[in-house]
Amino acid sequence: MKRFLIAMACIACMIAAKAQRPDNTNYTESKVLPYSLPDVLKTTKQTSIRNKADWELNRPELLRLFEDNIYGQMPKRFDDIKFSLIKEDKSAMQGRATLKQVEVEVFNQQKSVKINLVLFVPNNRKQAVPAFLLINNRGKENMDPTRKEKTGFWPAELVIDSGYAVAAFHVSDAAPDNKDTFMNGVLRLYPEQFEAANGMRAIGAWAWAASRIMDYFETDADIDAKRVTVVGHSRAGKASLWAAAQDQRFAICVSNCSGNTGAALSRRNFGESITAINTSFPHWFNTNYKQYNDREQELPVDQHMLLALIAPRPLYVTNASEDLWADPTGTFLALKHAAPVYGLYGITNELPAKPPKINQPILNTHLAYHNREGIHDLTSYDWQHFIRLADLRFKK
Ligand code: GCU
């Protein structure tokens, strides 16, 4: 019965996602009109960025452009934070892992919000282990602490058996994914954000919550908080990018099928557009972003600059071949256009001129990419490669 209800819910989601798609969506490469991107090596005052120091000096200004025009402010201050171990099971996964369910409660302005973390740590560890943190935007069955439900969306056993801790929290704890109720979470701590045209909205709240989990990791002796990979799929892949851009404690960022206002270039106007996303999901981005409906060219930034904000840390963006809505080619191009900033750190760009073939991951680089065969989803194929990238980058 439960599986039937989940299947029905998935079908309803797919119908809803399709219904949001406008008729004039472009899915044809030859119909992409010429566009010019803002230069990632120019400051916000249009002077040249020649080296790492120039980049780092301008970095806060660039972050501010993303805050003001797209994702909203990221409040850093709060009154208090409390971590409570709600449940611990040292013999989870047939003895291979320890389960910790942690409630992260953050207090501000006489209000509090609780983010529930599900965390498994491998038992055959000799020291603190690196971790993967999933920002879960799908059903909670994907992060089942009992492991009765197992899905490719969060294949916890695979990650544990590869020697990593694996964690997840659900976006609804931080901001319900609904235009009428998204303020019933983190926004309650920051009511002034709700009023501001450049204030935090749902995607900002999800990224903020990922940082609070990082605050927890820094206190857990089993976790190597300097080697945490933040992972997000689709809408949560937009949030994983924003989290890693904002919070440089994340060592690696993975963004899967994140598409428009995620890892894909907006100015290509291929697949989902800014108008479409703002119309269907008005609660994801700030009020100012609505000014750019049908006016991508006027944005002071494009998404390659968000990817560049993650430099010099490894970044893995991935797509699915049938998911043209999320523009796989535009995602690959955004990564390429972010590469000059990695170059300032002496990290050479290993990316080919054209997107690689389907199922041919590019992993031996800080700017990793793959386009998996199949539909819009996060699968064990994707995770196997995230693990390989972490192995390579952390030299495990
Ligand atoms: C919709 C939306 C996308 C989003 C996706 C998802 O398709 O238009 O921007 O990435 O949902 O989160 O699955």
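Quick look at the structure, then. Remember, it's a predicted structure, so these values are computed and weren't measured experimentally. Note that residues are indexed from 1 along each chain, following the sequence as it is written. In keeping with the model being predicted, local features are shown solely for residues with a pLDDT of at least 70 and side-chain atom pairs are shown and tallied solely at 80 or more, while totals for entire chains, interfaces and linings include all residues. Calculation of side-chain values draws on the structure's entire complement of heavy atoms; hydrogens and water are dropped beforehand.

1. So, the packing of aromatic side chains
Logical step 1: Think of it this way: a Phe, Tyr or Trp ring, Trp meaning its six-membered ring, pairs with another when their centres are within 6.5 Å, and the plane angle makes it stacked under 30 degrees, edge-to-face over 60, tilted otherwise. This structure, assessed with the given rule, holds 17 aromatic pairs.
Logical step 2: Ring centres 5.4 Å apart and planes at 65 degrees place the aromatic pair Phe-83 and Tyr-216 in the edge-to-face group. You can see Phe-83 sitting in strand β1 (residues 80–91) and its partner Tyr-216 sitting in helix α7 (residues 202–217), a full 133 residues away along the chain.
Logical step 3: With relative accessibility at 28%, the residue Phe-83 sits in the partly exposed group. By the criteria applied, helices consist of DSSP H or I runs no shorter than four residues and strands consist of E runs no shorter than two, each listed in order from the N terminus. Exposure classes here rest on a 1.4 Å probe applied to the protein chains alone. A residue is buried below 20% of its type maximum, exposed above 50%, and partly exposed in between.

2. Some remarks on the site of the ligand
Logical step 1: Around the ligand, the neighbouring residues are Arg-21, Ser-234, Arg-235, Lys-238, Glu-272, Ile-277, Phe-281, Trp-284, Trp-325 and His-376.
Logical step 2: The definition of a polar contact used here is a pair of N or O atoms within 3.5 Å, where within protein one atom must be able to donate a hydrogen and the other to accept one, and adjacent residues in sequence count solely through side-chain atom pairs. At a separation of 2.5 Å, an oxygen atom of the ligand approaches a polar side-chain atom of Arg-235.
Logical step 3: When the ligand is considered free in solution it has 320 Å² of accessible area, and contact with the protein chains removes 93% of it.
Logical step 4: The classification used treats Ala, Val, Leu, Ile, Met, Phe, Trp, Tyr, Cys and Pro as nonpolar, Asp, Glu, Lys and Arg as charged, and all other residues, Gly among them, as polar. Among the residues forming the shell around the ligand, the class breakdown is four nonpolar, two polar and four charged. Consider each residue's heavy atoms; a residue with any of them within 4 Å of a molecule or strand counts as near. In this description, accessible areas are obtained by the Shrake-Rupley approach with a 1.4 Å probe, and a residue is regarded as covered only by the protein chains that are shown.

3. Brief notes about the packing of helix α2 (residues 52–71) against helix α8 (residues 235–246)
Logical step 1: Remark: α2 packs on α8, axes separated minimally by 11 Å, with the N-to-C direction vectors making an angle of 145 degrees. When you trace α2 past α8, the crossing you get is left-handed. Here Arg-59, Leu-63, Phe-66, Glu-67 and Tyr-71 of α2 lie close against α8, whose contacting residues are Trp-242, Ala-245 and Gln-246.
Logical step 2: Each residue belonging to the contact of α2 with α8 can be placed in one class, and the counts come to five nonpolar, one polar and two charged. A fitted line through C-alpha atoms represents every axis, and for helices the fit uses only the stretch in contact; the resulting angles, taken between N-to-C directions, go from 0 to 180 degrees. By convention, the crossing between two helices is left-handed when the near helix turns anticlockwise from the far helix through less than a right angle, and right-handed when the turn is clockwise. Whether two residues are in contact is decided by their heavy atoms: any pair within 4.5 Å suffices.

4. Thoughts on the pairing of strand β2 (residues 97–108)
Logical step 1: Most of β2 is tucked away: 10 of the 12 residues are buried.
Logical step 2: At least two DSSP bridges between two strands are required for those strands to pair. Here β1 pairs with β2 via nine bridges, running antiparallel. Of the residues in β2, the one forming a bridge with Asp-89 is Leu-99.
Logical step 3: In this sheet, strand β3 (residues 111–122) lies alongside β2 in antiparallel orientation, the contact comprising 12 bridges. Directly across from Asn-108, in β3, lies its bridge partner Lys-111.
Logical step 4: Linkage of β2 to β3, two consecutive antiparallel strands, is achieved through a turn of two residues, within which Gln-109 is found at a positive phi near 45 degrees.

5. What to know about empty space enclosed by the protein
Logical step 1: Here a cavity denotes a set of grid points, spaced 1 Å apart and computed over the protein atoms alone, in which a 1.4 Å probe fits but from which it cannot get out, and a pocket denotes an open set meeting protein on both sides within 12 Å along at least five of seven lines; residues with an atom within 4 Å of a point are reported as lining. Grid points are joined across faces, edges and corners, and a volume is the space filled by probe spheres set on the points. The final tally for this structure, using the stated rule, is one cavity of 30 Å³ or more.
Logical step 2: Approximately 50 Å³ is the volume found for the largest cavity.
Logical step 3: Counted by class, the lining of the largest cavity contains five nonpolar, four polar and two charged residues.

6. What about the pattern of salt bridges?
Logical step 1: Whenever a carboxyl oxygen of Asp or Glu lies within 4 Å of a side-chain nitrogen of Lys or Arg, that contact is scored as a salt bridge. Summed over the entire model, instances satisfying the criterion amount to 22 salt bridges.
Logical step 2: Measuring nitrogen to oxygen at the nearest pair gives 2.9 Å for the salt bridge that ties Asp-161 to Arg-96. You can see Asp-161 sitting in helix α4 (residues 156–161) and its partner Arg-96 sitting in the loop between α3 (92–95) and β2, a full 65 residues away along the chain.
Logical step 3: Between Lys-100 and Asp-220 there is a salt bridge; the shortest N-O distance is 3.0 Å. Here Asp-220 lies in the loop between α7 and β6 (223–233) and Lys-100 lies in strand β2, a separation of 120 residues in the sequence.
Logical step 4: Judged by its relative accessible area of 8%, Lys-100 is buried.
Logical step 5: Among the charged side chains, a salt-bridge network with shared partners connects Arg-212, Asp-215, Glu-218, Asp-247 and Arg-249.

7. What about the nonpolar core?
Logical step 1: Nonpolar cores were defined as sets of buried Ala, Val, Leu, Ile, Met, Phe, Trp, Tyr and Cys residues, with membership established by side-chain atoms within 4.5 Å. Within the largest apolar cluster, 93 residues are counted, with the highest numbers of intra-cluster contacts made by Phe-66, Leu-133, Trp-206, Trp-208, Phe-217 and Leu-315.
Logical step 2: For this core, the element with the highest residue contribution is α7, accounting for 12 residues.
Logical step 3: With 31 residues, the next largest nonpolar core counts Leu-99, Trp-154, Trp-383 and Phe-394 among its residues.

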